[in-house]
Amino acid sequence: MNIDNQKPFIAGNWKLHKTIPAAIELVKALDEAIMELADAEIVVIPPFTALSEVGKTLQGSTIKIGAQNIFWEEKGAFTGEVSAPMLKDAGCQYAVIGHSERRQFFGETDETVNKKIKAALTHALTPIVCIGESLEEREKGETIDKVDSQIKAGLDGLGKEEMSEIIIAYEPIWAIGTGLTATPAQAEEVHSFIREKLTEKYGNETATCAIILYGGSVKPDNTYSLLKEQNINGALVGGASLEADSFIQIAKESIKAYKEK
Ligand code: PEP
C-alpha cells in the first residue's frame, strides 16, 4: 500500500524510556482518546523490549507501532541486533532509520541507512528515514547540501515504487531534545527542498504524496504553526510523546492545522 499525506502523521519516538507497564499505561491512555484523533495517523515507537506487549495492547486499535532501529540482515551471528521479520512479528508496521542519535552515537552512516531501508521494504515495514544538519552545518550555510547528500546516498538505488513506501523526517540535530525548534519558515524551506528533490528523482505524483515529517522539540504550542506549512505533513516527536496529554494535544493541533491549510 502506497503512503499518502491526506492526514497528518504523528509519531512518538520514546527513545530509551518506558518499562513494559509504563508503556502499556501510555498506549491505553492514547487509545482512549483515539476517537478524537481519527483524522491523524498515530504511531508509537517504544523501545524494543515493550514492542510485543504494546502490540498486544493495541490489537484492534488504529494506533500503529514502529521500531526505533532495524538491522539489515534477517538472521545470523549479529549479537544485539533486531531484524525486520522480528519487528513484524512483534507488531511493527514502521521502522525509524538513521535517527541522528544513532548516527552520532552508534556509527550509523548513509550507507547503513540505505541497507536498512532496503531490508525494511523487503519485509513490508515502512521506513521513517531521518535526515538533518548539525548546528555547525547550519551556521556555515550547509543545511541544504547536507540534506541533499543524505537524500542522495540514503535513497541510492531505490526506485519510484520503493519511494512511495518511504517516509522522510527532517530533523535538524540542533533542535532535537534541546527545546530549540526550527521556525516554521526554516523548516518549510528544507521541506520544500526535499519535496523538490523527490520530484526530480521520482516525479510529481510520488513527491506530491510523500510524507515529510518535521522533528525537533515539537510541543503542543508549536505544532499548529509548523503543520500549517505547505510541505510539513506531520511530526516525529521525542520528549513530548512520553506523556499522553501532550502527545494527544500535538495530534489535535496537527489535525486543526491540516484542516486549515
Ligand atoms: C526525536 O526523537 O526524533 C525528537 C525530535 O526528539 P525531541 O522531540 O525531544 O526533540
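Whatever comes next refers back to the structure up there.
The numbering scheme is per chain: residues are counted from 1 as the chain's sequence reads. At least 70 in pLDDT is required for a residue's local features to be given in this predicted model, at least 80 for side-chain atom pairs to be given and counted, and no such filter applies to totals for whole chains, interfaces and linings, which use all residues. Neither water nor hydrogens contribute to the side-chain values; these are computed over all heavy atoms in the structure.

A. Just the site of the ligand, in detail. Any residue with a heavy atom positioned within 4 Å of a molecule or strand is treated as near that molecule or strand. Taken together, 14 residues lie around the ligand, and Lys15, Glu171, Gly177, Ser217 and Gly238 are the ones closest in. Each polar contact in these results corresponds to two N or O atoms within 3.5 Å; when the atoms are within protein, one needs to be able to donate a hydrogen and the other to accept it, and residues that are neighboring in sequence are counted only if both atoms are side-chain atoms. At 2.8 Å, a backbone N or O of Gly239 approaches an oxygen atom of the ligand. About the coverage of the ligand: the protein hides 97% of its 290 Å² of free accessible area. When residues are sorted by character, Ala, Val, Leu, Ile, Met, Phe, Trp, Tyr, Cys and Pro go into the nonpolar class, Asp, Glu, Lys and Arg into the charged class, and all the rest, Gly among them, into the polar class. Among the residues making up the shell around the ligand, the classes are represented as four nonpolar, eight polar and two charged. Values of accessible area rely on a 1.4 Å probe in the Shrake-Rupley scheme; residue burial ignores everything except the protein chains shown.

B. Fine view of the sheet that holds strand β7 (residues 212-215). Any two strands with at least two DSSP bridges between them are considered paired. A run of H or I in DSSP counts as a helix once it spans at least four residues, and a run of E counts as a strand once it spans at least two, with each numbered from the N terminus. Strand order in the closed barrel made by the eight strands is β1-β2-β3-β4-β5-β6-β7-β8, with parallel pairing throughout. The mean angle between the axes of side-by-side strands here comes to 25 degrees, regardless of whether they run parallel or antiparallel. Looking at chain direction, strand β2 (residues 41-45) and strand β3 (residues 64-67) are connected through two bridges and run parallel. Each bridged residue has a counterpart across the sheet, and for Val44 the counterpart in β3 is Ile65. Residue contacts follow a heavy-atom distance rule, with two residues in contact if any of their heavy atoms lie within 4.5 Å. Axes, fitted as lines to C-alpha atoms, cover a helix only where it is in contact. Angles between the N-to-C directions of the axes lie from 0 to 180 degrees. Across the sheet, helix α5 (residues 110-122) is in contact with β4 (94-97) and β5 (126-131); its angle to β5 comes to roughly 160 degrees.

C. View of the nonpolar core. Counting residues in hydrophobic clusters, the biggest one holds 70 residues, and the most contacted among them are Ile42, Val44, Leu155, Ile194, Leu198 and Tyr214. Per-element tally for this core: the top contributor is helix α12 (residues 244-260), with eight residues. Contacts of Tyr214, omitting those with residues within four sequence positions, involve Tyr170, Pro172, Ala175, Thr181, Ala182, Ala187, His191, Leu226, Ile232, Gly234, Ala235 and Leu236. Joining through side-chain atoms within 4.5 Å is the link that ties buried Ala, Val, Leu, Ile, Met, Phe, Trp, Tyr and Cys residues into a set, and such a set is a nonpolar core. Only protein chains enter the area calculation, which uses a 1.4 Å probe; residues under 20% of their type maximum are buried, those over 50% are exposed, and those in between are partly exposed. By size, the runner-up hydrophobic cluster in this structure holds 14 residues, among which are Ile3, Phe9, Ile128 and Cys130.

D. Seen up close, the pairing of β3. By convention, a crossover is right-handed whenever its connection, traced from the first strand over the helix to the second and viewed with the strands pointing away, goes clockwise. With respect to chirality, the unit in which β2 leads through helix α2 (residues 48-57) into the neighbouring parallel β3 is right-handed. Sheet topology note: the β3/β4 ladder contains two bridges and is parallel. Pairing of Ala67 across the sheet is with Ala95, part of β4. Regarding topology, helix α3 (residues 84-89) serves as the crossover connection from β3 to the parallel β4, and that connection is right-handed.

E. Main features of unusual backbone geometry. We note that Lys18 has phi near 90 degrees; this positive angle belongs to a residue other than glycine. Tracing the backbone through its elements, the reader meets Lys18 in the loop between β1 (9-13) and α1 (20-32). For Ser217, which is not glycine, the phi dihedral falls at a positive 55 degrees. Tracing the sequence through the fold places Ser217 in the loop between β7 and α11 (220-227). Take Ser217: its relative accessible area is 9%, and that puts it in the buried class.

F. Examining the pairing of β7 more closely. Side chains Ile212 and Tyr214 of β7 all project onto a buried face; the interleaved residues Leu213 and Gly215 project onto the opposite face, where all are buried too. Where strand β6 (residues 167-170) meets β7, three bridges bridge the pair, whose relative direction is parallel. Bridge assignment links Tyr170 to a residue of β7, and that residue is Tyr214. Bridge count between β7 and strand β8 (residues 234-237): three bridges; the pairing is parallel.

G. Geometry of the packing of α11 against α12. Contact geometry of α11 with α12 gives a least axis separation of 8 Å together with a crossing angle of 25 degrees. As judged from the angle between their axes, α11 and α12 are roughly parallel. Relative to α12, the crossing made by α11 is right-handed. Contact residues: α11 offers Pro220, Thr223, Tyr224 and Leu227, while α12 offers Ser246, Gln249, Ile250, Glu253, Ser254, Lys256, Ala257, Tyr258 and Glu260. When an angle is under 35 degrees it counts as roughly parallel; over 145 it counts as roughly antiparallel; between 65 and 115 it counts as roughly perpendicular; any other value is oblique. Handedness of a crossing is defined here by the sense of rotation of the near helix relative to the far one, left-handed for an anticlockwise turn of less than a right angle and right-handed for a clockwise turn.

H. Representation of the environment of Asp145 in the model. Examined against the element boundaries, Asp145 turns out to sit in helix α7 (residues 143-154). Taking relative accessible area as the criterion, Asp145 reaches 56% and is therefore assigned exposed. Linking Asp145 and Glu133, residues twelve residues apart in sequence, is a C-alpha distance of 9.1 Å.

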